[in-house]
Structures are given as C-alpha cells and as structure tokens.
Amino acid sequence: ATHPALLCAVYTFGKAMGCHGAAVVSRHAPLASYLVNYARPLVYSTAPGLHSLVAIDHAYRTVAGPEGGRRRRRLFRLVRLFRERCRSAQELRGRVLPSPSPIQAVTFPGNRRCQAAAEELRRGEFDLYPIRFPTVEKGRERIRIVLHAHNKEEEVVALVGALRRVCRRDGAGNVASRL
C-alpha cells in the first residue's frame, strides 16, 4: 500500500501465482491494530507455513524476472492467435466475447446448449467448462476458455477447429451480436 489514499492492499497468491493464501499490507497502524484485536482467529489460523512462503517467493521472482517476461509474451501471442483464428471463422462470428486477456469466452445461449457444447469439447480433450445462468445473464451462457503459456500453437488451432465444429452443430450462429 504505497499510495497515501489507500487504506491497504491485498495481495493474493492463488491462480496466477500457483499457490494459495493472501496478505493484507497497510501503513495505517489503526488497521493493523484492528486486525490483531478483532480478526486474530483469522490472522493466526490462516498464516502460511514456511513451504507456502518459499513457493510464493519463488512465484513472484519468476513472474518479475526474465522467465516471467518470456511466458507473458508467449501467452499473449497465443491470445492473438486464438482471436485471429476465431475472427476468420464464420461459425464463430458474434460468439467470441471481447477480451484482451488469456480468459476468453464463446457464447452458447441456453444452459442445456452450453452444457452440451462443453461436454462435446471435453470429449475432444479440451478442459473447458460452461458458465451458465444464473451465474451469467440468461441468454449469455458461455464456455470459458483459459489459455496458458504452456499451451502450444497447435493446441490453440485445434481448439478453434473444435469450437467451429461444435458451433456448426449448435446452429445458433451470430448470437452474441444480438445480445
């Protein structure tokens, strides 16, 4: 928490860091006093062990170092490849939601259709899951795609091919553009 207007900063160690836990950091003594006095069970029951601290330190050093830079560049090349391939695929027009991040989504409106599409893609060995109503608005159900730096270009191309086949069978066409 380096900005004077911030009460605190919360650093999480899950997902991107590949660890678990979080830390609350603050320069404000009243907040620290409050947490020690009123959140003591939470603070002391959830403190990370030495193994977790070493893993978190290693993860941050990797992310901030040259290897992290290489992985980010590779990952965003894969994101661009995915989006370019989807843009050129007639079956996917209007279905791929806008996102510059490694988290992408393809719409399959209706819980049953979305579930069926996800199951078909999983049978093709893609680890994808549906995001259905009520988590998202009715009619905006989608399959969530998370690209990773360890994915290969061939896997991204194969994924787009599989999405095209599933969309042809689904037959709803340009859904997202009407939402």
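Let me begin by describing the structure that accompanies this report. (Residues numbered from 1 in each chain as written. Predicted model: local features only at pLDDT ≥ 70, side-chain atom pairs only at ≥ 80, totals over all residues. Heavy atoms only, no water.)

Digging into the packing of aromatic side chains
Geometry of an aromatic ring pair is reported as the spacing of the ring centres plus the angle between the planes.
(1) Moving on: Enumeration according to the criterion identifies two aromatic pairs in this entry.
(2) Moving on: Here the aromatic rings of Phe13 and Tyr60 are separated by 6.2 Å at their centres, their planes lie at 85°, and the arrangement is edge-to-face. Of this pair, Phe13 sits in the loop between β1 (9-12) and β2 (22-25) while Tyr60 is found in helix α3 (residues 50-64), placing the two residues 47 residues apart along the sequence.
(3) Moving on: Under the relative-accessibility criterion, Phe13 is labelled buried at 10%.
(4) Moving on: Judged by relative accessible area, which is 34%, Tyr60 ranks as partly exposed.
(5) Moving on: The ring centre of Phe108 lies 4.7 Å from the NZ or CZ of Arg95, which sits over that ring. (Phe/Tyr/Trp six-rings, centres within 6.5 Å; stacked < 30°, edge-to-face > 60°. Helix = DSSP H or I, 4+ residues; strand = E, 2+ residues; numbered from the N terminus. Buried < 20%, exposed > 50% of the residue type's maximum accessible area, 1.4 Å probe, protein only. Lys NZ or Arg CZ within 6 Å of the ring centre and 35° of its normal.)

As for the nonpolar core
(1) Moving on: Core analysis: the biggest nonpolar cluster contains 27 residues, and Phe82, Leu92, Phe108, Ile143, Ile145 and Leu163 have the highest contact counts within it.
(2) Moving on: Counting residues per element, the ones that place at least two in this core are α4 (66-87), α5 (111-123), β5 (142-146) and α6 (153-170).
(3) Moving on: Listed in part, the five residues of the second largest apolar core include Phe13, Cys19, Ile56 and Ala59. (Core = buried A, V, L, I, M, F, W, Y, C linked by side-chain atoms within 4.5 Å.)

With respect to the pairing of strand β3 (residues 103-107)
(1) Moving on: With four of five residues buried, β3 is to be regarded as a mostly interior element.
(2) Moving on: When β3 meets β5, the two strands line up antiparallel, connected through five bridges. Residue Val106 lies in a different strand from β5, and its bridge partner there is Ile143. (Pairing = 2+ DSSP bridges.)

A few points about the sheet that holds β5
Either a parallel or an antiparallel arrangement is found when strands of a sheet pair, and the pairing is made through backbone hydrogen bonds.
(1) Moving on: On the basis of which strands lie adjacent, the open sheet formed by three strands has the order β3-β5-β4 and antiparallel pairing. Strands with a single pairing partner mark the edges of an open sheet, and in this sheet they are β3 and β4 (129-131). Across this sheet, the average inter-strand angle for adjacent strands is 40°, counted without regard to direction.
(2) Moving on: Summarising the sheet, β4 and β5 pair through three bridges and their orientation is antiparallel. Note on β5: the bridge partner recorded for Ile131 is Arg142. (Axes fitted to C-alpha atoms, helices over the stretch in contact; angles between N-to-C directions.)

As for the pattern of salt bridges
(1) Moving on: Scanning all chains against the criterion turns up eight salt bridges.
(2) Moving on: Several salt bridges converge on common partners, so that one network encompasses Glu67, Arg70 and Arg71. (Salt bridge = Lys/Arg side-chain N within 4 Å of Asp/Glu carboxyl O.)

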